[in-house]
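Remarks on the overall topology
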Amino acid sequence: MQRSLDSFDIISSLISSFVIGILSVIFTANLFADGISLSSVIAGLAYSAVSFALVFYEYIGVFKLKAAFSLAAVPLFSIFAIMLGIYDFAFERANRDYVREYGGANQGDIMGLMYLHIPAAVSILAVVTAIAYSLKNKEISDNSKEGKK
């Protein structure tokens, strides 16, 4: 039996997707600035772990809303980060010599951001959501076998 949505579910789902969107920008900014480095790996692991926790646990909103809002938040927050210059700032901080010599990120760097890094963040979130969904279904089926609610 499904429960009805209330404002707490919607607000908590929006807040969790906001956190996931912010973490995806941090993850992709690390990838954009440094490539695959220790900081990118740590940011990716933190992004994956927090995303899993926010999507999986039922006391933080409704699963379907969180999944939909989060998958929409990643590209949306990436666009906001591009508009605010967050990626340029990250690139300039990590590649000072390159920026001094050539004047900033080139078109290839930007294409890497658009075609590799942002889709990587969406893919990680999709995999995390699929894992959370399968674990949630397993938990529901285990509870129904035991006669629990």
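Please refer to the structure placed before this passage.
What comes next is a walk through the structure. (Residues numbered from 1 in each chain as written. Predicted model: local features only at pLDDT ≥ 70, side-chain atom pairs only at ≥ 80, totals over all residues. Heavy atoms only, no water.)

Considerations on the overall build of the chain
Scanning the chain from terminus to terminus reveals six helices and zero strands. Taken from N to C terminus, the helices and strands of the chain fall in the order α-α-α-α-α-α. The buried share of the chain, reckoned over its 149 residues, is 36%. A fraction of 77% describes how many contacts in the chain between residues 6 or more apart in sequence connect residues 24 or more apart. Within the structure as shown, the chain displays about 9,200 Å² of accessible surface, and the carbon and sulfur contribution to it stands at 67%. (Helix = DSSP H or I, 4+ residues; strand = E, 2+ residues; numbered from the N terminus. Buried < 20%, exposed > 50% of the residue type's maximum accessible area, 1.4 Å probe, protein only. Contact = heavy atoms within 4.5 Å. Areas by Shrake-Rupley, 256 points an atom, 1.4 Å probe, with all protein chains shown as cover.)

Topic: the packing of aromatic side chains
Inspection of the entire model under this criterion finds ten aromatic pairs. When the centroid spacing of 5.7 Å and the interplanar angle of 85 degrees are considered together, the rings of F91 and Y98 count as edge-to-face. The class for F91 is buried, based on a relative accessible area of 6%. Of the residues examined, Y98 reaches a relative accessible area of 27% and is grouped as partly exposed. (Phe/Tyr/Trp six-rings, centres within 6.5 Å; stacked < 30°, edge-to-face > 60°.)

A few points about the environment of Y98
Position of Y98 relative to the elements: it lies in helix α5 (residues 96-102). Y98 has contacts with F91, G103, G104, N106 and D109, leaving out every residue within four places of it along the chain. In this structure the side chain of Y98 is engaged in a polar contact, spanning 2.8 Å, whose partner is the side chain of N106. (Polar contact = N/O pair within 3.5 Å; in protein donor to acceptor, adjacent residues only side chain to side chain.)

Examining the pattern of salt bridges
Throughout the structure, instances matching the rule amount to one salt bridge. Of the charged contacts, one joins R100 and D97 as a salt bridge, the two residues approaching to 3.0 Å between their closest N and O atoms. Residue R100 and its partner D97 are both found in helix α5; the two are separated by three residues, about one turn of the helix. Its relative accessible area of 56% is what places D97 among the exposed residues. (Salt bridge = Lys/Arg side-chain N within 4 Å of Asp/Glu carboxyl O.)

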